[in-house]
Amino acid sequence: MKKNIALLILILLITNINNTVTYAHDTNCNPKPLHAYTDHHVHMMSEEFSEVFKILLGTDTYIDIPIEEVSGEKIVSLLDEANMNKAFVLSNSYIYGMDQVQDSNEYENVKKENNYLANEVAKYPDRLIGFFSVNPLKDYAISEIDRCYDELGLSGLKLHFTNSDVDLRNPDHLIKIKQLFTHVSEKGIPILLHFRSRSPEFGKEDAEILIDNVISEIPNLKLQIAHLGGWGGFDRSAKEVFATFIEKYNSNPYLNKENIYFDISGVIVTDREKELGLDVTTEEDLKKLARMLKEWGLDNIVFGTDYQYQTQTGYLEYMKTYLPLANYEIQNILNNDLSKIFFNCEQ
């Protein structure tokens with residue numbers, strides 16, 4: 001039970017604010033180069049939610065990082081330390097839709113969290129690209145997507161199937177997800193997807209449903225799949241999902257991965273992270289990981305930290321120390337920048 005709870009809240013960091021501001025989408029582009037590389041997976045957390053997060057975890061620290069506000073200023077300082085340029089900054093409003101958290105003010109809390117993200121991103125328009133979030137099964141999901149994109153000017157959508165309890169094997173869930181993905185694609189909004197469900201059988205079948213019944217039917221979909229399709233670590237489920245994508249896309253010329261990317265955040269697990277209930281990545285698994293990354297194609301892999309899982313400096317060191325890839329191959333991954341591909345940003 002403790003392990004399941006730790007895994008459910010592995011990626012959770014929320015934010016909160018009351019003010020709403022309107023922004024232009026073109027502020028996501030950096031007019032001049034500041035540093036190198038983009039972190040494609042970073043979470044914010046307001047001071048108010050830090051107290052909620054402490055209760056959820058039952059501790060004052062997330063691994064060895066104090067649980068406290070993670071603002072735009074904090075994230076930019078971390079980017080500077082790692083000599084990185086930008087970050088995809090994620091709201092976690094979907095958490096308010098969880099049974100463990102929801103209350104009578106659920107949707108108001110969801111809006112406040114997305115508003116907070118918009119205000120923080122507006123302070124650093126050349127460094128931070130905002131991804132709002134929502135539980136896709138909620139009746140207000142489409143309305144909140146339209147509000148965040150049309151009124152707040154936020155450019156991406158973060159979905160978390162584990163914490164939103166989404167299961168594509170459930171026909172009702174599949175219908176809702178297809179409708180939402182179609183709506184988002186028509187508006188040109190990229191999705192950053194935490195794909196893994198809560199099912200212990202999650203794996204190959206789920207990946208096949210996603211590819212055959214969702215992605216292949218929405219040709220203009222822009223999709224970044226977090227943690228190589230898992231929820232952190234490189235366990236059986238993550239291997240099956242990633243292997244299924246490799247097999248299907250490499251064998252079917254009609255499947256185009258031009259706008260389909262995986263991020264590598266949270267995949268490398270050391271003794272430091274095993275308290276989250278994840279298995280330490282073995283040398284054998286690291287070799288398999290490196291081989292599969294190359295089979296999928298390094299041009300479609302992006303760097304991410306899942307901060308507070310690890311800092312930018314820390315996870316860069318993990319990649320260079322543990323991944324059996326040549327320096328030029330690691331550089332290939334680090335040079336991939338979805339702000340250019342998804343948002344037409346020029347550096």
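First, a word on what this report is: a plain description of the structure on this page. (Residues numbered from 1 in each chain as written. Predicted model: local features only at pLDDT ≥ 70, side-chain atom pairs only at ≥ 80, totals over all residues. Heavy atoms only, no water.)

A few points about the side chain of Arg196
- Here Arg196 shows up in the loop between strand E7 (191–194) and helix H7 (204–214).
- Residue Arg196 is classed as buried on the basis of its relative accessible area, which comes to 6%.
- At a separation of 3.4 Å, a polar atom in the side chain of Arg196 contacts the side chain of Ser237.
- Residues in contact with Arg196, not counting those within four places in the same chain, are Phe161, Thr162, Phe202, Gly229, Gly230, Trp231, Asp235 and Ser237. (Helix = DSSP H or I, 4+ residues; strand = E, 2+ residues; numbered from the N terminus. Buried < 20%, exposed > 50% of the residue type's maximum accessible area, 1.4 Å probe, protein only. Polar contact = N/O pair within 3.5 Å; in protein donor to acceptor, adjacent residues only side chain to side chain. Contact = heavy atoms within 4.5 Å.)

A closer look at the pattern of salt bridges
- In the structure shown here, the tally under the stated rule is 22 salt bridges.
- Salt-bridge contacts for Glu120 lead to Lys123; the nearest nitrogen and oxygen are separated by 2.7 Å. With Glu120 and Lys123 both in helix H4 (residues 106–123), this residue pair falls 3 residues apart, about one helical turn.
- We classify Glu120 as buried; its relative accessible area is 5%.
- Residue Glu144 pairs with Arg147 through a salt bridge whose shortest N-O separation is 2.9 Å. One end of the pair is Glu144 and the other is Arg147, both in helix H5 (residues 141–151) and 3 residues apart, which spans about a single turn. The burial state of Glu144 is the same as that of Arg147; both residues are buried. (Salt bridge = Lys/Arg side-chain N within 4 Å of Asp/Glu carboxyl O.)

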